[in-house]
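# Fold and geometry: a report
So the chains spell out like this:
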Amino acid sequence: MFENKIIKNLNNQLNLEYFTSKLYLEMSFWCDIKNLKNANIFFQNSSNDELKHMNKIFKFLCDINVLPIINSNISLNINFNSLLNVFKKAYINEKKITRNINYISNISLKYKNYKIFHFLKWYILKQIKEEKILKTIIDNLIFFNNNQKDILIFDNLFLSKYI
Ligand code: FEO
């Protein structure tokens, strides 16, 4: 029974990774329309990474004989108004992922489900890196004015380091 609760949350995490992949793909389209070449590549790469994160959970659930359930009713809030706003939304989303991973890790430990806890360690460390990158980009982007010329310079000079 306890394992069912943990697995249900792990399946939710799988869907959050799926949602995140779609969100980052939308962000990459927005960047493309704004001619932000490197930001476009950054979010395309991020979208592909999120699919890998989803597939990793998918494979794990299958390995423990659980059928994963994909939520196909995903709706995105794609109301972006600036590159800073896009990165802030990505950062907020990653913080949510971290909270979920920590929650599942907690209940795994509480109910002594060490195989799931061990599986989640990779995600715990990955979240540190992903949050750090987004926070660094936001902290630097904040100093650029929100005009097209400055944002293009930021895209060319700064974001090239992260793709
Ligand atoms: Fe799958 Fe960005 O965490």
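Let me begin by describing the structure that accompanies this report. Every value quoted in this text rests on a predicted model; they were computed, and no experiment measured them. (Residues numbered from 1 in each chain as written. Predicted model: local features only at pLDDT ≥ 70, side-chain atom pairs only at ≥ 80, totals over all residues.)

## Some points on the overall build of the chain
So the rule is basically this: Here a strand is any run of E in DSSP of at least two residues, a helix any run of H or I of at least four, and the numbering for each starts at the N terminus. Counts of 20 or more other C-beta atoms within 10 Å of a residue's own C-beta define buried residues, counts of 12 or fewer define exposed ones, and intermediate counts define partly exposed ones; C-beta atoms are placed from the backbone. Once C-beta atoms are placed from the backbone, any two residues with those atoms within 7 Å are in contact.
When helices and strands are counted, the chain shows 5 helices and 0 strands. Moving toward the C terminus, one meets the helices and strands of the chain in the order α-α-α-α-α. Summarising its shape, the C-alpha atoms of the chain cover approximately 55 × 30 × 20 Å along the three principal directions. In the chain, buried positions account for 26% of the 163 residues. Considering only residue pairs separated by 6 or more positions, the chain has 77% of its internal contacts joining residues 24 or more positions apart.

## Some words on helix H4 (residues 114–141)
Stated formally: A helix is expected to span 1.5 Å for every residue after the first. Each residue is assigned a bend, namely the angle between axes fitted to the seven residues that terminate at it and the seven residues that start at it.
Spanning 28 residues, H4 covers 41 Å between terminal C-alpha atoms, matching the ideal 40 Å at 1.5 Å per step. The sharpest bend along H4 reaches about 30 degrees and sits at Leu-120. Of the positions making up H4, those classed as buried are Ile-116, Phe-119, Leu-120, Tyr-123, Glu-130, Leu-134, Ile-137 and Leu-141.

## Here we look at the nonpolar core
What counts, and what does not: Joined through C-beta atoms within 7 Å, a set of buried Ala, Val, Leu, Ile, Met, Phe, Trp, Tyr and Cys residues constitutes a nonpolar core.
Counting 18 residues, the largest nonpolar core has Met-27, Ala-39, Phe-43, Leu-83, Phe-87 and Ala-90 as its most contacted members. Contributions of two or more residues to this core are made by helix H1 (2–33), helix H2 (37–63), helix H3 (83–110), H4 and helix H5 (148–157). Among the nonpolar cores identified, the runner-up in size contains 13 residues, and Ile-57, Ile-101, Ile-116 and Phe-119 belong to it.

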